[in-house]
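A structural walkthrough
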Amino acid sequence: EGPDVAILAMARANRMVVSYQAALYENIVASTAEANATARGHANDAVAGFAEQIAIAKKAAPDSATDIDGVARKFDAALSGACGEVTRQASSATTADDNAKVAQLMNQGCYNGIQDAFAANAEVNKRFVATKDQQNQLVSSIALWTSRISLIGLTLVTTAILVLAF
């Protein structure tokens, strides 16, 4: 649990967004119903993977659940908006002209929705990294303090032994 797990989960969620985007392009260039179905399957797997990683991140960083949900909402907005339309049209497009029209639709809106999800994820991850850095600084300070106290104690004990010996 903690920021390390959340950072990893959010990075994996972003990877699922990239996989979804790749599946959309795969669907756009598909020229058979079977290829379209395969691409839709890849897209569905990516969406499921994204949801799984978001759940892991929320469990690891419950204090940031609202921010993590914001990332999920951005991705969901892309899915239900322009990207959903791209999927619908790409699934039935089998000619080069139809695929070109869908590709244009992809570049007009879906791409921007996906970029919004990336940007939201990056902002959340920046906060997780800052939290991790603060924890690392605290641990380093404690380790330094402990080593100094140990060294002072060892020096005092050694001095006392030497004084008693002579």
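Tallied over the entire structure, the rule returns 2 aromatic pairs. Relative to Phe 75, the ring of Tyr 20 lies with its centre 5.5 Å away and its plane at 85°, an arrangement referred to as edge-to-face. With Tyr 20 in helix 1 (residues 3-29) and Phe 75 in helix 3 (residues 65-80), the pair connects residues that are 55 residues apart, well separated along the chain. Since its relative accessible area comes to 0%, Phe 75 is described here as buried. Aromatic side chains Phe 50 and Phe 75 sit 4.4 Å apart centroid to centroid with 50° between the ring planes, which places their arrangement in the tilted category.

This part takes up the side chain of Asn 99. Structurally, Asn 99 can be placed in helix 5 (residues 96-165). The residues touching Asn 99, leaving out its near neighbours within four places in the chain, are Ile 28, Val 29, Ala 30, Ala 93 and Thr 94.

Look at helix 3: 22 Å from first C-alpha to last across 16 residues, which is about the 22 Å you get at 1.5 Å a residue. Every buried residue belonging to helix 3 is among Ala 65, Ile 68, Gly 70, Val 71, Ala 72, Phe 75, Ala 78 and Leu 79, and all of these are buried.

A few words now on the pattern of salt bridges. Under the criterion given, the structure shown has 3 salt bridges. With its nearest N and O atoms 3.2 Å apart, the salt bridge here joins Glu 85 to Arg 88. Taken together, the residues span about one helical turn, with Glu 85 and Arg 88 both in helix 4 (residues 82-92) at a distance of 3 residues. Exposure remark for Glu 85: the relative accessible area of 29% places this residue in the partly exposed category.

Along the chain, Asn 14 falls in helix 1. There is a polar contact of 3.2 Å between the side chain of Asn 14 and the side chain of Asn 121. Those residues in contact with Asn 14 that sit more than four places away from it in its chain are Phe 118 and Asn 121.

What counts and how
- Residues numbered from 1 in each chain as written.
- Predicted model: local features only at pLDDT ≥ 70, side-chain atom pairs only at ≥ 80, totals over all residues.
- Heavy atoms only, no water.
- Phe/Tyr/Trp six-rings, centres within 6.5 Å; stacked < 30°, edge-to-face > 60°.
- Helix = DSSP H or I, 4+ residues; strand = E, 2+ residues; numbered from the N terminus.
- Buried < 20%, exposed > 50% of the residue type's maximum accessible area, 1.4 Å probe, protein only.
- Contact = heavy atoms within 4.5 Å.
- Expected span 1.5 Å × (residues − 1).
- Salt bridge = Lys/Arg side-chain N within 4 Å of Asp/Glu carboxyl O.
- Polar contact = N/O pair within 3.5 Å; in protein donor to acceptor, adjacent residues only side chain to side chain.

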